[in-house]
Amino acid sequence: MGTQQQNLTPAESTTGSVSLQVCAVIDETADARSLVLDVPPNLRERFRYKPGQFLSFRVPFAGKLLTRCYSMASSPLADALPKVTVKRVDGGRVSNWMNEVQVGDWLEVLPPAGLFCLDPQADTEKPLVLFGGGSGITPVFSILKSVLHSSRRPVKLIYANRDEASVIFKDELCRLIKAHPDQLHVVHVLDSVQGFLTDHQVRHLLRGSAGGDYFICGPGPFMDTVERTLLALGEAAERIHVERFVSPPDPDELLAEEALAREAAMGSQCEALIVELDGQQHEIACQPGDTLLQSCKAAGLDVPSSCEEGFCGACMCVVKEGEVQLARNDVLTPKELTDGWTLACQSRPTGAKVRLKFPD
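So, how was this worked out
- Residues numbered from 1 in each chain as written.
- Predicted model: local features only at pLDDT ≥ 70, side-chain atom pairs only at ≥ 80, totals over all residues.
- Heavy atoms only, no water.
- Buried < 20%, exposed > 50% of the residue type's maximum accessible area, 1.4 Å probe, protein only.
- Helix = DSSP H or I, 4+ residues; strand = E, 2+ residues; numbered from the N terminus.
- Pairing = 2+ DSSP bridges.
- Axes fitted to C-alpha atoms, helices over the stretch in contact; angles between N-to-C directions.
- Parallel < 35°, antiparallel > 145°, perpendicular 65-115°, else oblique.
- Left-handed = near helix turned anticlockwise from the far one by under 90°.
- Contact = heavy atoms within 4.5 Å.
- Nonpolar A, V, L, I, M, F, W, Y, C, P; charged D, E, K, R; others polar.
- Arc of directions from axis to C-beta.

Going by an unreviewed UniProt entry, the protein carries the name 3-ketosteroid-9-alpha-hydroxylase and comes from Pseudomonas laurylsulfativorans.

As structure tokens, then:
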């Protein structure tokens, strides 16, 4: 593995990523490893992250450059360096490749992204309830450690795994429980003992936690069960946060889709593209066939983005006025689409005037 990666350097690549060196490897379980990344001083501001965000990695495999997102299990408040945890998946090209990485190897990494983050202005009197399933523990663990480090807010973690041997961060969790006995409550749910998590079990586990903030990450059925139960209990949808990742198509498939979408949009001319970003409004040019993200970058706007392939959700924005055509969507829910959300990297304007707003 080291030989395969030694031709990568800390310089920025043509894909917008940079090379970061692995300075520590931690075997968490038999099939999961954590990689700690060394961030040089000149990149620390660029790689500053919020609890719950992820890093996207460009991985060479069989002549292709595959992109995958991995949430940071570290806390920007409690840990000196970012750490991602990768669970090996049967047949997974990238997860198996990442599990062979060694200390000293260089990885091609895009800056932090993601909206699965706790509002810093959130009411710290309300309970924080975190649901992690398997390797989905990583972003909620980052949030958990950050909250314990910075406040006295009560935190409950409901952590589902196949069996006891599959529990990632088991020792670190034990240390946190001992250090914060009156603030942190952890409930382990094991498929080998209780079976898969059910609506009834979720209702029971949520007793005493009504009106809180909820963060959910894990396998699809696990997340669906928790979200469905929370909504049935009358919890506000805006307090329920779900992190979903998918593996994108290979680069050649994406290029073919991109060419078709660009060709279909060539007949549309957007005369006014207005972008609301960080409280400021910008009117920028939009070339026929360009995506919203391409137009923003051409105008020098530093809008949030990461994979640029439609599967991470980092470039989510709201269409406040006008119409756009969304080519690929692997992350937006039907409700988010109804509410006007789109992906800047996959959307092209179809009208004369379009107004966008990126999250603050």
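On we go from here.
Caption draft 1: Local environment of the pairing of strand β12 (residues 272-277). By the criterion of burial, β12 is predominantly enclosed, with 5 of the 6 residues buried. In terms of strand pairing, β12 meets strand β18 (residues 353-357) through 5 bridges, oriented parallel. The partner of V275 across the bridge, within β18, is L356. Pairing geometry for β12 and strand β13 (residues 280-284), over 5 bridges, is antiparallel.

Caption draft 2: Molecular detail of the packing of helix α3 (residues 137-150) against helix α4 (residues 170-179). In the contact formed by α3 and α4, the axes pass within 12 Å of each other and the chain directions differ by 25°. Comparing the axis directions of α3 and α4 gives the class roughly parallel. Where α3 crosses over α4, the two elements pack in a sense that is left-handed. Each of F141, L144, K145 and L148 in α3 lies in contact with α4, whose residues at this interface are E172, L173 and L176. Broken down by class, the residue content of the contact of α3 with α4 amounts to 5 nonpolar, no polar and 2 charged.

Caption draft 3: The arrangement of α4 in detail. Among all positions in α4, only E172, L173 and L176 are buried. Buried residues of α4, seen end-on, are gathered within an arc of 100° and therefore sit on one face of the element. Facing away from the buried surface of α4 by more than 90 degrees, the exposed residues are D171, R175 and K178. In this structure, the buried side of α4 is in contact with β5 (83-87), α3, β8 (155-161) and β9 (184-190).

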